[in-house]
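Tertiary structure, described
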Amino acid sequence: MAKLFPTSARIVIIGGGVIGTSIAYHLVRSGETDVLLLEKAKLTEGGTWHAAGLVGQFRSQQNLMSLMTDSVKLFDGLAEETGQDTGWHKFGSLRLAKSEDRWKEILNSQTAARASGFEMNLVTPSEARDIFPLIEADDLVGAAFIPGDGYIDPYSLTQAYAKGARANGGRVIEGVMVKELTRDGERITHVVTDHGAISVDTVVNAAGLWARQVGWMAGVEIPAGVVEHQYLVTEKSDRIPDGLPALRDPDGGFYAKPEPGALAIGGWEKQTRAVNPREGFPWDCEHHLFDGDMDRLEEIFEPAARRLPILNELGLRTIINGPIPISPDGEPIMGPVPGLSNFFAACAFTSGIAASGGAGKAMANWILHGDAGLDLWPFDIRRFGPLHAGRRFLHDRAIESYSKYYAIHWPGEELETARGVRRSPLYQTLKEQGAVFGSKFGWERANWFAYDDIPQRDVLGFDRPQQDITVGREHLAAREGVVLIDMSSFTKFEISGRQACRFLEYLAVATIDKPPGGATYTQLCNDHGGIEADVTIIRRSQDCFWLITGSGLGIRDRHWIERHQKGYDVSLRDITSAHGVINLAGPLARKVLGKVCDEDVSHQAFPFMTAMDIRIGYAPAVAFRVTYIGELGWEIYVPSEYLQYVYEVLRQAGGEFGITDIGYRAIDSLRLEKRYLAWGTDITPDYNPFEAGLQFLIDWNKGDFLGAQALGRIKQQGVERKLVCLALDDPLPVFGGEAILVDGTAVAQTTSGNFGYSVRKSLVLGYLPVALLGRNDFAVEAFGKRSSASLVRGAAYDPKREKILC
């Protein structure tokens, strides 16, 4: 092999499992032939070979489901294309509901499926038994049948990808161990193996169980852990018919995959084990299986035997207890790795077989064109930071996420592990005030406040239980009086240098070049006009700016900024921890602020979207007049050591005005009444400012800026969809993901939803085809129920912005 071993390749993929081979296959299909895949043992050896092979497509978000449906489209023709049988059986899948709450979850899923044009059929218990004759159905409420699902042989699928890659010019070499990744600044220059070094342009970490260690070779942290996952295979019986669909019984915590004349029974038990969390998974254990854990297996087998009585009569052929990769939130890790300009990750897939086709396609797009072709933020590696890669955080969260795989996914439910890590200086004070906290990027943030005899804990449900007397109370306090909101978790960057203004003018669509104290709300767009970030920028001095973004968006937005920083004399510094933030807001906010500072805070002296250095009592602060709730207000940036003092001064000054604390759930309700948008749901790289109704922010006269050419074309050509707000006639619980219907046909999916306590309406946002904007006979479907809905022109609350500009 030494004479033939390559010394260079444009793209090197590390890992010969189902994900790595799919990426190679899609790269060469896209015309990139200088692709080299390295596997340290044999293809599939790692996490792929022992996978069950279930293929389920449904996801609540349309783009994530597109990833899965792309896989199925590929599976349908891959064997014929490559000449390699894949063992693809498209017999559908059946998902059971034993409880009313589980049935509500299925109803909500079916609504989202309708909005996406995805076929998911609701069936009765007797119909479910007809589809899968082996089940006991008397205790079922209903079920969902997805005809396009199925199961596939992981080994054969991987071989088909590899064969397709080779046939189109790609190289796949087995038995090559990667020993080192050589870096030069922000680039990996060589992949060093036990057969020699390879010079590279791009490296893809698809190392599965070893992805974390490959990240260490590159000097970066990949939050991909390893846990045990097991299933059993029964003895064969002629009583098990051919052509059965895959079966999932989440209330029982198990799945059943038909094998030839047998059944494979697995599940997601309440507690699994982390594997080698400190050192990483051993390099030489690519074919390793653990001993079967009968206690954990019993947790899924007992309900499986009740649902499938035939299991009580069949013998046990084998137990497979193997290692699987997993991230802190249980979702895959994909995309460009921050800190390096030519290193990509595609790992931590707990459902890698099902996702492989779509993931390979998306990764090929990302590598070749700079974006995945669709927004994959819930899978993006940049949703994680250094905190998540810590050994204890990673594995505690991973085990909890594993345990919740089949749990009912309640709206607003918070994870319980790895909590209390990042705390604002106000944490203890707010806790004593009744705060019920949520977790965002490790930060503890007040979601809502308990009072009187209301328990200080979340009540879960699909109908927003008790929020009318908690969140609704806080919402109205912001509309009618004055409130305090701890927003210290905001990500804050300081961008400075002699070219800082010029750089930000290029990066943003809006005007940044304002006098010191001026501020701008703007989007950062890509070359296609898609919205990469939604930020606020404050000019602190001639050559110094603060850029403010969301609590969980700092890694992603910094990566985007640094990606375009080359050639500009600027420096970027994260100042998040240096400054706490208190939002003082509401119609009476000026009265409170005026009592505690000497500066003139009138509308004339302190206009909207400006910032001023002030003192609150004795403490220095930067007051920024802005709003995300649609009321008069200031975000007050305070050095962290002064934050508790400033809070006490504001609280005391506001006592006569009934000042109160509010949390992030009230913020979401308030912002929807104003049609204020959230990045990641309402706006993403899939949408441009014209579609989102933000085109008024674009400054066409300031010179060239990122995305200007694409946005200019969009301006001339127009758009096919636009974001709208709909008000429901019936107060259905809405959270985003609901179907918008016209004449009974689903035409769109909502992006956000909540109840507006000021307007007393359920409100949703969603993108509608422009051809429908002249109509007003819409309906919204949520949890199987429909309500007529009317188009809201502008904002549902204070459309003339009189309460902001006062």
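The paragraphs below set out a description of the structure included in this document. Note that the structure is a prediction, hence the values are computed from the model and not measured. (Residues numbered from 1 in each chain as written. Predicted model: local features only at pLDDT ≥ 70, side-chain atom pairs only at ≥ 80, totals over all residues. Heavy atoms only, no water.)

Check the secondary structure of the protein chain and you find 19 helices and 37 strands. Taking 28 Å as the expected radius of gyration for a compact globule of 806 residues, we find that the protein chain reaches 27 Å, a close match to that expectation. Counting over 806 residues, the protein chain shows a buried share of 61%. Considering only intrachain contacts with a sequence separation of at least 6, the fraction spanning at least 24 residues in the protein chain is 72%. In the protein chain, 84 side chains carry a positive charge and 102 a negative one; their mean positions are 4 Å apart. (Helix = DSSP H or I, 4+ residues; strand = E, 2+ residues; numbered from the N terminus. Rg over C-alpha atoms; globule rule 2.2 N^0.38 Å. Buried < 20%, exposed > 50% of the residue type's maximum accessible area, 1.4 Å probe, protein only. Contact = heavy atoms within 4.5 Å. Lys, Arg positive; Asp, Glu negative; His and termini not counted. Charge placed at Lys NZ, Arg CZ, Asp CG, Glu CD.)

In this section: the sheet that holds strand β30 (residues 633–639). The strand order β28-β29-β30-β27-β21-β31 describes an open sheet built from six strands, whose pairing is mixed. Each having just a single partner strand, β28 (611–616) and β31 (660–661) make up the two edges of the open sheet. The sheet contact formed by strand β27 (residues 579–585) and β30 spans seven bridges and is antiparallel. Note that in β30 the partner of His-579 across the bridge is Pro-639. (Pairing = 2+ DSSP bridges.)

The six strands lie next to each other as β32-β35-β34-β33-β36-β37, forming a closed barrel whose pairing is antiparallel. Across the sheet, the axes of successive neighbouring strands diverge by a mean angle of 40°, strand direction being ignored. (Axes fitted to C-alpha atoms, helices over the stretch in contact; angles between N-to-C directions.)

Inspection of every chain in the model, using the stated rule, returns five cavities of 30 Å³ or more. A volume near 80 Å³ is recorded for the largest cavity. Forming the boundary of the largest cavity are Ser-424, Tyr-427, Leu-430, Phe-437, Trp-443, Glu-444, Arg-445, Ala-446, Asp-486, Ser-488 and Ser-489. Of all the secondary structure elements, the ones that give two or more residues to the lining of the largest cavity are α11 (427–432) and β20 (443–449). Of all the elements, β20 adds the most residues to the lining of the largest cavity, at four residues. For the lining of the largest cavity, the residue count by class is five nonpolar, three polar and three charged. (1 Å grid on protein atoms, 1.4 Å probe; cavity = no way out; pocket = protein on both sides within 12 Å on 5 of 7 lines; lining within 4 Å. Points joined across faces, edges and corners; volume = space filled by probe spheres on them. Nonpolar A, V, L, I, M, F, W, Y, C, P; charged D, E, K, R; others polar.)

The largest bend along helix α8 (residues 352–369) measures about 40° and falls at Gly-358. Most of α8 sits out of view: 14 of its 18 residues are buried. Within two residues after α8, Gly-370 carries a phi angle of roughly 90°, on the positive side. (Bend = angle between axes of the 7 residues up to and from the residue.)

Turning our attention to the packing of helix α12 (residues 471–480) against helix α17 (residues 664–673). Closest axis-to-axis distance for the α12/α17 pair is 8 Å, and the angle between their directions is 55°. The angle between α12 and α17 falls in the class oblique. When you trace α12 past α17, the crossing you get is right-handed. Residues Val-471, Glu-474, His-475, Ala-478 and Arg-479 of α12 pack against Arg-665, Ala-666, Ser-669, Leu-670 and Glu-673 of α17. Counted by class, the contact of α12 with α17 contains four nonpolar, two polar and four charged residues. (Parallel < 35°, antiparallel > 145°, perpendicular 65-115°, else oblique. Left-handed = near helix turned anticlockwise from the far one by under 90°.)

What follows covers the nonpolar core. Within the largest apolar cluster, 47 residues are counted, with the highest numbers of intra-cluster contacts made by Ile-13, Ile-23, Leu-27, Leu-157, Tyr-161, Met-334 and Leu-376. Ranked by residues supplied to this core, first place goes to α8 with nine residues. Contact partners of Ile-13, with chain neighbours within four places excluded, come to Gly-20, Ile-23, Ala-24, Leu-27, Val-35, Leu-36, Leu-37, Leu-38, Val-204 and Ala-206. In this structure, Leu-36, Val-200, Val-220 and Cys-347 belong to the second largest nonpolar core, which totals 39 residues. (Core = buried A, V, L, I, M, F, W, Y, C linked by side-chain atoms within 4.5 Å.)

All chains considered together, the criterion is met by 42 salt bridges. Where Asp-329 meets Arg-383, a salt bridge forms, and the shortest distance between an N and an O atom there is 2.8 Å. Linking Asp-329 in the loop between β16 (316–326) and β17 (333–336) with Arg-383 in the loop between α8 and α9 (386–389), this pair joins segments that are 54 residues apart in sequence. (Salt bridge = Lys/Arg side-chain N within 4 Å of Asp/Glu carboxyl O.)

Geometric values such as these leave the question of function open.
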